[in-house]
Amino acid sequence: MLNVYSMPAQSRELKTLDAIEAGAWINLENPSDKELEEVARATGVGEDMLKAALDEEERARIETDEGNTLIIVDIPIIDDSADWYVYSTLPMGIITAGSYFITVCLRDTPVLGDFIKGRVRNFDVNKRTRFIYQILYRNATKFLHCLKQIDKTSMRVQQTLHRSMKNKELIQLLDLEKALVYFSTSLNSNQVVIDRLQAMNTIKHYEEDNEILEDVIIENKQAIEMATIYRDIMSGTMDAFASVISNNQNIVMKFLAAFTIILTIPTIVASLWGMNVGVPFEGHIWGFWVVVGIIVAITVPVLIIMIKKKMF
């Protein structure tokens, strides 16, 4: 999808354009080849640069080519198509090319959606450096929000697991742990991009934007620390539940083994007196009760011993 926006001077509202114009913000969401070709022709940006952020495995980085600057950062995404929310990351590209400002992503993202829907105050498409910082700041806050949601979900799943061990909850915890690994890796990569962006000469830096950049750095580092803490907690939790599951399995197996031994005693005695040969008490009406007495006399002491050894 190709959307073009502009922000007239002295205005704080985005205006949707029907065609690409100088000074416009061009937002590409899972674009087609035709849309990529159209943007490349209108802006002079190479298609390879436009397609860089469309690779799900693309790493966060900054590169320049013929005066155009590409910034790729990882953004958090939420997949709600499963029975629960699955968190992951996706690359998003920011390209400054002359008078054009281009954003590229494989899917609609709330990071940019908040700007489009007017949820972000005091942003200006015409002030490119500030706009970049504001996008990065919004991205860091989205990571923090997702991390808090992951922590809440983890606590809820753990409470369910305390009541009953089910594969569904264990798989959900595994997905959360995997998401934290993705988040931690992406946030560290984003921090490298932010540090390099701060030192770049190809992008103009303004003193009045330093406060926003500092906020970006603080929020991103806070997200890194939270992701690291939650990941360590989640890893320890998964190890603890693995031990609990293994211990529960051992308890069940111990009970079954003890129960089998108890059942084996009557079986052995009854088998001895069930042979097709002469046996003691044969022909006596009270012989059956004698055999039952022998079974009880052997079974009860064995049962008492097993109870003392806490095998039941």
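To be clear, the structure that these remarks concern was listed above.
Before going into details, it helps to say that this report is about the structure given with it. Bear in mind that the values here come from a model prediction, so they are computed numbers and not experimental data.

1. Some words on the nonpolar core
Part 1: Of all hydrophobic cores here, the largest spans 58 residues; its most connected members are Leu-28, Leu-50, Ile-71, Met-92, Ile-95, Ile-102 and Ile-135.
Part 2: By residue number, the principal contributor to this core is strand S5 (residues 68-79), which donates 6 residues.
Part 3: Each residue touching Met-92, except ones within four places of it in the same chain, is listed here: Ala-53, Ile-71, Ile-72, Val-73, Ile-75, Val-104, Cys-105, Val-111, Leu-112 and Ile-135.

2. Quick word on the environment of Tyr-5
Part 1: With respect to the helices and strands, Tyr-5 occurs in strand S1 (residues 2-6).
Part 2: Measuring from C-alpha to C-alpha, the distance between Tyr-5 and Ile-135 comes to 16 Å, with 130 residues separating the pair along the chain.
Part 3: Contact partners of Tyr-5, with chain neighbours within four places excluded, come to Leu-14, Lys-15, Thr-16, Leu-17, Ala-24, Trp-25, Asn-27 and Ile-116.

3. Quick word on the state of the cysteines
Part 1: Evaluation of the coordinates by the stated rule reveals 0 disulfides.
Part 2: Sulfur of Cys-105: no disulfide; nearest cysteine sulfur belongs to Cys-146 and is 13 Å away.
Part 3: Taking relative accessible area as the criterion, Cys-105 reaches 1% and is therefore assigned buried.

4. A few points about the packing of helix H5 (residues 167-199) against helix H6 (residues 210-272)
Part 1: The interhelical angle for the contact between H5 and H6, taken along N-to-C directions, is 155°, at an axis separation of 8 Å. The orientation of H5 with respect to H6, classified from their angle, is roughly antiparallel. Where H5 crosses over H6, the handedness of that crossing is left-handed.
Part 2: A breakdown of the residues in the contact of H5 with H6 according to their chemical character gives 19 nonpolar, 8 polar and 3 charged.

5. Concerning the packing of H6 against helix H7 (residues 287-308)
Part 1: Closest axis-to-axis distance for the H6/H7 pair is 9 Å, and the angle between their directions is 165°. By the angle between their axes, H6 is roughly antiparallel relative to H7. Like other packed secondary-structure pairs, H6 and H7 cross with a definite hand, here right-handed. Contacts between H6 and H7 involve Ala-258, Ile-261, Ile-262, Ile-265, Pro-266 and Val-269 from the former and Val-291, Ile-294, Ile-295, Ile-298, Thr-299, Val-302, Leu-303 and Met-306 from the latter.

6. Observations concerning the packing of aromatic side chains
Part 1: The final tally for this structure, using the stated rule, is 11 aromatic pairs.
Part 2: A centroid spacing of 4.8 Å and a plane angle of 35° characterise the contact between Phe-101 and Phe-131, whose relative ring orientation is tilted. Taken as a pair, Phe-101 in strand S7 (residues 100-105) and Phe-131 in helix H4 (residues 128-163) lie far apart in primary sequence, 30 residues in all.
Part 3: Its relative accessible area of 0% is what places Phe-101 among the buried residues.
Part 4: A residue is classified by how much of its surface remains accessible, and Phe-131, at 0% relative accessible area, is buried.
Part 5: Between Phe-143 and Phe-183, the ring centres sit 5.1 Å apart and the planes meet at 85°, which makes this aromatic pair edge-to-face. Residue Phe-143 is found in helix H4, and its partner Phe-183 is found in helix H5; the two are separated by 40 residues along the sequence.
Part 6: Classification of Phe-143 by relative accessible area gives buried; the value is 0%.

7. A closer look at a nonpolar patch on the surface
Part 1: Taken together, the side chains of Val-252, Met-253, Phe-255, Leu-256, Phe-259 and Leu-263 make up a nonpolar region of the molecular surface, amounting to roughly 560 Å² of accessible area.
Part 2: One can find Met-253 in helix H6.

8. Quick word on unusual backbone geometry
Part 1: A positive phi is found at Asn-30, a non-glycine position, where the angle reads about 45°.
Part 2: Tracing the backbone shows Asn-30 in the loop between strand S3 (25-29) and helix H1 (33-43).
Part 3: With relative accessibility at 49%, the residue Asn-30 sits in the partly exposed group.
Part 4: Not every positive phi belongs to a glycine, and Glu-66 is a case in point at roughly 55°.
Part 5: Locating Glu-66 in the fold gives a position in the loop between strand S4 (61-65) and S5.
Part 6: Overall, Glu-66 belongs to the exposed group, its relative accessible area being 72%.

Cut-offs used in this document
Residue positions are given per chain, counted from 1 along the sequence in the order it is written. At least 70 in pLDDT is required for a residue's local features to be given in this predicted model, at least 80 for side-chain atom pairs to be given and counted, and no such filter applies to totals for whole chains, interfaces and linings, which use all residues. Excluded from the side-chain calculation are hydrogens and water; included are all heavy atoms of the structure. For the purposes of this section, nonpolar cores are sets of buried Ala, Val, Leu, Ile, Met, Phe, Trp, Tyr and Cys residues that join through side-chain atoms within 4.5 Å. Here's how the labels work: a residue is buried when its accessible area is under 20% of the maximum for its type, exposed when over 50%, partly exposed in between, all with a 1.4 Å probe on protein chains only. Working definition: helices are DSSP H or I runs of at least four residues, strands are E runs of at least two. Numbering for both runs from the N terminus. Whether two residues touch is decided by their heavy atoms; if any such pair falls within 4.5 Å, the residues are in contact. The disulfide definition used here is simple: a pair of cysteine sulfur atoms within 2.5 Å. Axes here refer to lines fitted to C-alpha atoms; in helices the fit is confined to the stretch in contact. Angles between the N-to-C directions go from 0 to 180 degrees. Orientation categories follow fixed angle ranges, with anything under 35 degrees roughly parallel, anything over 145 roughly antiparallel, 65 to 115 roughly perpendicular, and all other angles oblique. Handedness of a crossing is defined here by the sense of rotation of the near helix relative to the far one, left-handed for an anticlockwise turn of less than a right angle and right-handed for a clockwise turn. Basically, the charged four are Asp, Glu, Lys and Arg, the nonpolar ten are Ala, Val, Leu, Ile, Met, Phe, Trp, Tyr, Cys and Pro, and anything else, Gly included, counts as polar. Two aromatic rings, drawn from Phe, Tyr or Trp (for Trp, its six-membered ring), form a pair once their centres lie within 6.5 Å of each other, and the interplanar angle then sorts them: stacked below 30 degrees, edge-to-face above 60, tilted otherwise. Only residues whose relative accessible area exceeds 30% and that take part in no salt bridge are eligible for patches, with like-charged residues grouped when within 9 Å of each other and nonpolar side chains (Val, Leu, Ile, Met, Phe, Trp, Tyr) grouped when within 5 Å. The protein chains shown are the only cover counted for residues, whose accessible areas, like all others here, come from Shrake-Rupley with a 1.4 Å probe. Salt bridges are identified by distance alone: a Lys or Arg side-chain nitrogen within 4 Å of an Asp or Glu carboxyl oxygen.

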